[in-house]
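# Examination of the molecular architecture
Now for the letters of each chain:
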Amino acid sequence: DTGVSQDPRHKITKRGQNVTFRCDPISEHNRLYWYRQTLGQGPEFLTYFQNEAQLEKSRLLSDRFSAERPKGSFSTLEIQRTEQGDSAMYLCASSKGRGGTEQFFGPGTRLTVL
Amino acid sequence: ILNVEQSPQSLHVQEGDSTNFTCSFPSSNFYALHWYRWETAKSPEALFVMTLNGDEKKKGRISATLNTKEGYSYLYIKGSQPEDSATYLCAFIGTGNQFYFGTGTSLTVIP
């Protein structure tokens, strides 16, 4: 399968714990995006990478969130000291170029913070 | 925060009916407008990427138009089928390359 993959698909954690999610984009795609989606809302942009460089980070993103794409391939999103408000679907997408090219989405990671 | 609005929020139509929904976005700093279909338990799937004012795109029974001067795009589905049931999302991409998604239109096609 050459699509975007995310791991894990589901994560349940207790408040205050750290969690890390992984995204593997389509191999030739240089752009990688992270989104958060809550019930009844569209995906909310969090951050994106071009190759290994993190070019944009949403102002809504607290400093408990950090993302990396160390070799320009897979990416990780870490949430430290999770809060119940972090419960959401975290989506990853990749694309070949700028905003004029379609994004390919992964299946998402569903986070539940108890 | 940039506002991208979609209407209606949800829609129920009979099989065979044609339908359309709207995406409204800022008319300034426009770079591109995307439409995605998101079926339950699946990933969002791109339908159209539109960049030019007046663009019209078509894929089978689904088509879309774009008006960047007034800040709206329409998505049309002709002869709706039950497999068209999904949430349809639009995303505004500004010149700063951030993606702003609308909240989606949930379409249910009743057999």
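Rules used in this analysis
Residues numbered from 1 in each chain as written. Chains lettered and ligands numbered in written order. Predicted model: local features only at pLDDT ≥ 70, side-chain atom pairs only at ≥ 80, totals over all residues. Heavy atoms only, no water. Helix = DSSP H or I, 4+ residues; strand = E, 2+ residues; numbered from the N terminus. Rg over C-alpha atoms; globule rule 2.2 N^0.38 Å. Buried < 20%, exposed > 50% of the residue type's maximum accessible area, 1.4 Å probe, protein only. Contact = heavy atoms within 4.5 Å. Areas by Shrake-Rupley, 256 points an atom, 1.4 Å probe, with all protein chains shown as cover. Buried area = accessible area lost by both parts, 1.4 Å probe. Salt bridge = Lys/Arg side-chain N within 4 Å of Asp/Glu carboxyl O. Polar contact = N/O pair within 3.5 Å; in protein donor to acceptor, adjacent residues only side chain to side chain. Nonpolar A, V, L, I, M, F, W, Y, C, P; charged D, E, K, R; others polar. 1 Å grid on protein atoms, 1.4 Å probe; cavity = no way out; pocket = protein on both sides within 12 Å on 5 of 7 lines; lining within 4 Å. Points joined across faces, edges and corners; volume = space filled by probe spheres on them.

### Remarks on the overall build of chain B
In terms of helices and strands, chain B carries 0 helices and 11 strands. Ordering the α and β elements of chain B from the N terminus gives β-β-β-β-β-β-β-β-β-β-β. For chain B, the C-alpha radius of gyration of 13 Å lies close to 13 Å, the compact-globule estimate for 111 residues. Across its three principal axes, chain B shows a C-alpha extent of roughly 40 × 25 × 20 Å. The proportion of buried residues among the 111 residues of chain B is 49%. Partitioning the intrachain contacts of chain B with sequence separation of at least 6 by distance along the chain shows that 54% fall at a separation of at least 24. Surface exposure of chain B reaches about 5,300 Å², of which carbon and sulfur atoms provide 46%.

### With respect to the interface of chain A and chain B
Contacts between chain A and chain B engage 22 residues on the former and 21 residues on the latter. Together, the buried faces of chain A and chain B total about 1,800 Å²; carbon and sulfur atoms form 58% of this surface. Taken as a group, Arg98, Gly99 and Phe105 of chain A account for 28% of the area that chain A buries against chain B, more than any other trio of residues on that side. Across the chain A-chain B interface, the total number found is 0 salt bridges. Here chain A is connected to chain B by 2 residue pairs in polar contact (both at pLDDT 80 or more). Class assignment for the residues of the side of chain A that touches chain B results in 9 nonpolar, 9 polar and 4 charged.

### Description of the layout of surface pockets
Approximately 620 Å³ is the volume attributed to the largest pocket. Along the wall of the largest pocket there are 27 residues; nearest its centre are Gln37 of chain A together with Trp38, Glu39, Thr40 and Thr87 of chain B. Those elements that provide at least two residues to the lining of the largest pocket are strand 9 (88-95) of chain A together with strand 9 (86-94) and strand 11 (105-110) of chain B. Among the elements that line the lining of the largest pocket, the one with the most residues is strand 9 of chain B, at 3 residues. Class assignment for the residues of the lining of the largest pocket results in 8 nonpolar, 15 polar and 4 charged.

### What about the pattern of salt bridges?
All names here are of chain A. Per the stated rule, a full pass over the model turns up 7 salt bridges over all chains. Across the salt bridge formed by Glu44 and Arg36, the nearest N and O atoms sit 3.3 Å from each other. Since its relative accessible area comes to 26%, Glu44 is described here as partly exposed. Taking the shortest distance from any N to any O, the salt bridge between Arg64 and Glu83 comes out at 3.4 Å. With Arg64 in the loop between strand 6 (53-57) and strand 7 (65-68) and Glu83 in the loop between strand 8 (75-79) and strand 9, the pair connects residues that are 19 residues apart, well separated along the chain. Exposure remark for Glu83: the relative accessible area of 41% places this residue in the partly exposed category. What you see here is one network of salt bridges that share partners, running through Arg64, Glu83 and Asp86.

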